[in-house]
Amino acid sequence: MEHPDSKVVTLPHQTKKIDDTDVPDEHPEEVNDSPIEQVRLTVSIRDDPTLPCLTFRTWALGITSCAVLSFLNQFFHYRQNSLHLSSLSAQILVLPLGKLMAAYLPRKSLRIPLTKWSFSLNPGPFNLKEHVLITIFANSGSTNVYAVNIITIVKAFYHGGIHPLAAMLLAQTTQMLGYGWAGIYRKFLVDSPFMWWPSNLVQVSLFRALHDDEVRSKGGLTRLQFFIVVFISSFAYYIVPNYLFPSITALSFVCWIWKDSVTAQIIGAGRGGLGVGSFALDWSTVASFLDSPLATPAFAIINIMVGFIIVIYVLVPIAYWSNSYEARRFPIISSHVFDSDGGAYDVSRVLNYTTYEFNQQGYDGYSKVNLSIFFVYAYGISFATLAATLSHVAFFHGRTIWKQAKSAVQDNFSDVHYRLMKKNYKPVPQWWFYMLLIIVIGLAMLTSEGFGRQFQLPYWGVLLASGLAMFFTLPIGVIMATTNQKPGLNVITELIIGYIYSGKPLANVVFKTYGYISAAQAIMFLQDFKLGHYMKIPPKSMFIVQLVGTVVASSVYFGTAWWLLTTVEHICDPSKLPEGSPWTCPEDDIFYNASIIWGVVGPLRMFGRLGLYSKMNYFFLIGILAPFPVWLLSRMFPEQKWIKLINMPLIIGGSGALPAARVVNYWCWGAVGIFFNFFIYRRFKGWWARHNYILSAGLDAGVAFMATLCYFTLQMTGVNGPNWWGAQLDDHCPLASCPTAPGIKVEGCPVFG
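In this text, all values refer to a predicted model and were calculated from it rather than measured experimentally. Residue indices begin from 1 for each chain and proceed along its sequence in written order. The predicted origin of the model limits local features to residues at a pLDDT of at least 70 and limits the giving and counting of side-chain atom pairs to 80 or more, whereas totals for whole chains, interfaces and linings rest on all residues. Excluded from the side-chain calculations are hydrogens and water; all other atoms, namely the structure's heavy atoms, are used.

A. Layout of the side chain of Ser44. For the purposes of this entry, the term helix denotes a DSSP run of H or I that reaches at least four residues, the term strand denotes a run of E that reaches at least two, and both are numbered from the N terminus. Within the secondary structure, Ser44 sits in the loop between α1 (37-42) and α2 (56-77). Classification of Ser44 by relative accessible area gives buried; the value is 15%. Side-chain atoms alone can form a polar contact between residues adjacent in sequence; in general such a contact is a pair of N or O atoms within 3.5 Å, and within protein one must be able to donate a hydrogen while the other accepts it. Here the side chain of Ser44 touches Arg46 through a polar contact of 2.9 Å, landing on its backbone nitrogen. A simple rule labels every residue: compare its accessible area, found with a 1.4 Å probe on the protein chains alone, to the largest value its type can have, and call it buried under 20%, exposed over 50%, or partly exposed in between.

Encoded structure:
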């Protein structure tokens with residue numbers, strides 16, 4: 001079965017011009033026969049297998065960037081205004097450092113004592129392959145270690161003890177378990193030319209802009225010059241939304257017109273309501289939650305926006321104003337939990353803080369857990385999305401996966417990038433992945449069963465979580481590799497262990513981490529492998545760098561967290577911290593409350609027969625069945641190519657980034673993505689091929705560097721922007737979160753009669 005994008009536009013393999021833009025015929029011995037046009041337009045088919053990869057520069061700059069990013073990201077994670085530094089920062093900064101090392105380090109070889117091995121501090125000019133491997137190191141450092149959240153809630157929220165070796169093993173094993181699943185599925189998700197990983201094309205474009213020799217056309221710019229112009233513009237502009245005028249991150253005019261109307265503000269609020277008429281003048285609003293729209297295919301953006309509109313403007317308003325599940329007692333969109341009177345749920349009344357187990361008597365005398373109407377359906381939608389992912393992959397990709405399984409045995413993939421990799425480099429032996437998988441699962445079971453079973457999870461929980469991750473990695477990987485969207489396993493893992501092993505909050509979060517994060521790590525490893533595939537990096541070098549980077553990052557994240565948790569008095573407890581202290585841990589507070597709801601109260605009292613939302617389980621059935629009509633229509637009308645572009649997992653899960661993302665994020669993301677990847681792509685394909693992904697990288701880099709500069713030079717020292725109306729990071733819709741049911745009293749909200 002062919003990928004739906006493969007026949008959007010058919011081009012001759014050796015096309016020299018596209019829309020009056022030169023596209024060089026880079027390799028006369030090879031035909032650029034990639035079936036995905038975006039890949040043909042972006043990825044080079046040139047390779048020089050003689051370039052050194054694992055050089056002293058790679059190790060020195062790679063490990064340093066990995067460790068520095070790991071330390072800084074964990075350090076700022078605990079602060080009120082958290083800051084996340086991506087690998088893009090390191091990708092840009094290491095280029096001049098690499099060139100300086102190439103210019104000034106001595107070229108003589110050094111012999112390692114007691115061995116026959118030797119290496120050179122300076123094997124020649126700093127090259128593209130070194131740069132890619134350093135960025136892979138940095139990517140490990142920019143990826144948060146999810147297990148550190150568990151360590152934090154045990155020490156700072158439950159105020160319990162935890163063995164440091166157990167905590168360290170938890171951090172390492174949860175991050176490394178994904179290698180096994182990546183090894184099992186790399187033939188399907190890396191070698192296959194139809195698994196094209198759209199977001200990698202942004203990285204490929206930036207690497208080529210930074211390294212390719214290019215002659216500037218008269219009146220035009222090289223790709224590097226274009227990147228620099230975009231970067232400087234983005235950098236200079238971002239001081240406005242980040243420091244001087246934060247309110248332009250969400251402009252909700254409806255709220256400004258009807259300042260005293262709860263209903264109007266619910267309808268118009270871009271941050272806490274339905275966002276009718278809201279927009280932003282800020283790239284971080286566009287790309288912060290849904291990733292860059294410039295890296296997402298147009299068909300995926302349209303599917304997501306259709307699903308988002310159906311949920312936000314049809315399902316949720318009907319349910320809210322019909323008062324389904326007493327919806328009007330609570331905000332229309334919120335991730336918090338409430339009691340039956342509309343107040344915040346008092347967790348202390350249902351938790352025994354001595355044993356960290358469920359207090360049935362306290363629960364019976366208090367209230368069931370209530371959710372906002374959007375959050376109710378968000379859980380149902382997450383159930384349906386996961387089910388639809390399985391059936392969609394089975395219907396649309398099942399035959400292809402079976403053919404690829406046979407192709408993997410016969411080793412007969414045929415696109416240009418696979419041929420070059422096969423000709424020039426030896427693959428990673430499969431037993432490397434299997435051996436690592438066995439070792440990590442063994443260490444994971446030791447972590448859960450040993451140390452007095454501090455994490456409450458028995459060994460079978462590790463095996464069950466591993467089985468779930470292995471089962472879902474392939475279908476989730478197919479969706480991610482073709483649409484740039486990644487369904488998560490966080491809810492389904494919480495649900496399963498919550499039913500099987502209720503009343504154990506630590507067991508719940510540890511099980512979720514082994515299931516959810518190992519699959520997410522596998523997807524990240526596979527994505528990096530595909531980047532290496534495009535950039536012609538030796539697979540064994542990729543494997544070694546990923547492995548070392550993961551170990552270094554996990555160790556530094558853990559060490560930084562342990563240091564802060566044991567040295568900052570009352571960390572994560574705002575009621576006891578000195579006034580103005582930044583160590584409030586807002587993200588860990590959310591994680592802690594999730595451990596209470598799913599691990600203590602449990603899904604039986606939320607989505608089972610003892611809860612209010614048992615009907616949400618029907619969404620599993622909806623998700624399983626939803627792709628079937630589309631598949632049937634595509635078989636009945638094969639000449640209608642657009643039918644195959646209808647992606648039910650994307651439509652159903654279109655609103656999945658809410659409520660962490662806001663409605664204004666969706667509208668800005670969708671508008672920018674459709675403009676560039678539909679209109680510009682069709683009308684000005686030459687410009688798009690040359691500039692689209694460079695534009696995305698430049699905008700991201702400018703925002704990242706200005707945010708970092710502002711934080712370290714101004715905000716960290718308490719020097720904030722001017723004190724005026726636009727300085728609030730808010731859309732000035734204070735009534736959007738108010739209930740509308742009669743008699744419900746919430747501070748700051750009018751009481752309806």
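After presenting the structure, the write-up continues.
B. A look at the packing of aromatic side chains. Stacked, edge-to-face and tilted labels apply to pairs of Phe, Tyr and Trp rings (six-membered ring for Trp) whose centres lie within 6.5 Å, assigned for plane angles under 30 degrees, over 60, and everything in between, in that order. One pass over the full model with this rule turns up 57 aromatic pairs. Ring-pair connections join several aromatic residues into one group, and the members of that group are Tyr325, Phe375, Tyr379, Phe383, Trp598, Phe607, Tyr613 and Phe620. For the cation-ring pair, Lys155 lies above Trp562, with the distance from its terminal atom to the ring centre recorded as 4.6 Å. A ring has a charge above it when a Lys NZ or an Arg CZ is no more than 6 Å from the ring centre and no more than 35 degrees off the ring normal. Over the face of the ring belonging to Tyr681 we find Lys685, whose NZ or CZ atom lies 4.7 Å from the ring centre.

C. Quick look at a nonpolar patch on the surface. A cluster of nonpolar side chains, Ile302, Val306, Ile310, Val314, Ile318, Ile674, Phe675, Phe678, Phe679, Phe684 and Trp687, forms an exposed patch at the surface whose accessible area comes to about 930 Å². Broken down by secondary-structure element, the contributors of at least two residues to the nonpolar patch are α14 (298-321) and α27 (663-683). Residue contributions to the nonpolar patch peak at five residues, all from α14. On the secondary structure map, Val306 appears in helix α14. Residue Val306 is classed as partly exposed on the basis of its relative accessible area, which comes to 37%. Patch membership is restricted to residues that have no salt bridge and whose relative accessible area is over 30%. Joining uses 9 Å for like charges and 5 Å for the nonpolar side chains Val, Leu, Ile, Met, Phe, Trp and Tyr. Note that accessible areas follow from Shrake-Rupley with a 1.4 Å probe, and for residues the cover is restricted to the protein chains shown. Any carboxyl oxygen of Asp or Glu that lies within 4 Å of a side-chain nitrogen of Lys or Arg is treated as forming a salt bridge with it.

D. Inspection of the packing of α27 against helix α28 (residues 685-713) at higher detail. Two numbers describe how α27 lies on α28: the axes approach to 7 Å, and their chain directions differ by 145°. Residue-level contacts link Phe676, Asn677, Ile680, Tyr681 and Arg683 of α27 to Lys685, Trp687, Trp688, Asn692 and Leu695 of α28. Residue composition of the contact of α27 with α28, by class: six nonpolar, two polar and two charged. Simply put, an axis is a line fit to the C-alpha atoms, just over the touching stretch for a helix, and the angle between two N-to-C directions goes from 0 to 180 degrees. Working rule for contacts: check all heavy atoms of both residues, and any pair within 4.5 Å makes them a contact. Under the grouping applied here, Gly and all other residues not named as nonpolar or charged are polar, the nonpolar ones being Ala, Val, Leu, Ile, Met, Phe, Trp, Tyr, Cys and Pro and the charged ones Asp, Glu, Lys and Arg.

E. Quick peek at the pattern of salt bridges. Taken as a whole, this structure holds nine salt bridges when the rule is applied. With its nearest N and O atoms 3.4 Å apart, the salt bridge here joins Lys685 to Glu37. In this pair, Lys685 sits in helix α28 while Glu37 sits in helix α1, placing the two residues 648 residues apart along the sequence. Exposure remark for Lys685: the relative accessible area of 8% places this residue in the buried category. With a closest N to O distance of 2.9 Å, Glu449 and Arg453 form a salt bridge. Given a relative accessible area of 30%, Glu449 falls into the partly exposed group. The partly exposed category is assigned to Arg453, whose relative accessible area is 35%. Several salt bridges share partner residues, and in doing so they unite Arg208, Asp212 and Arg223 into one network.

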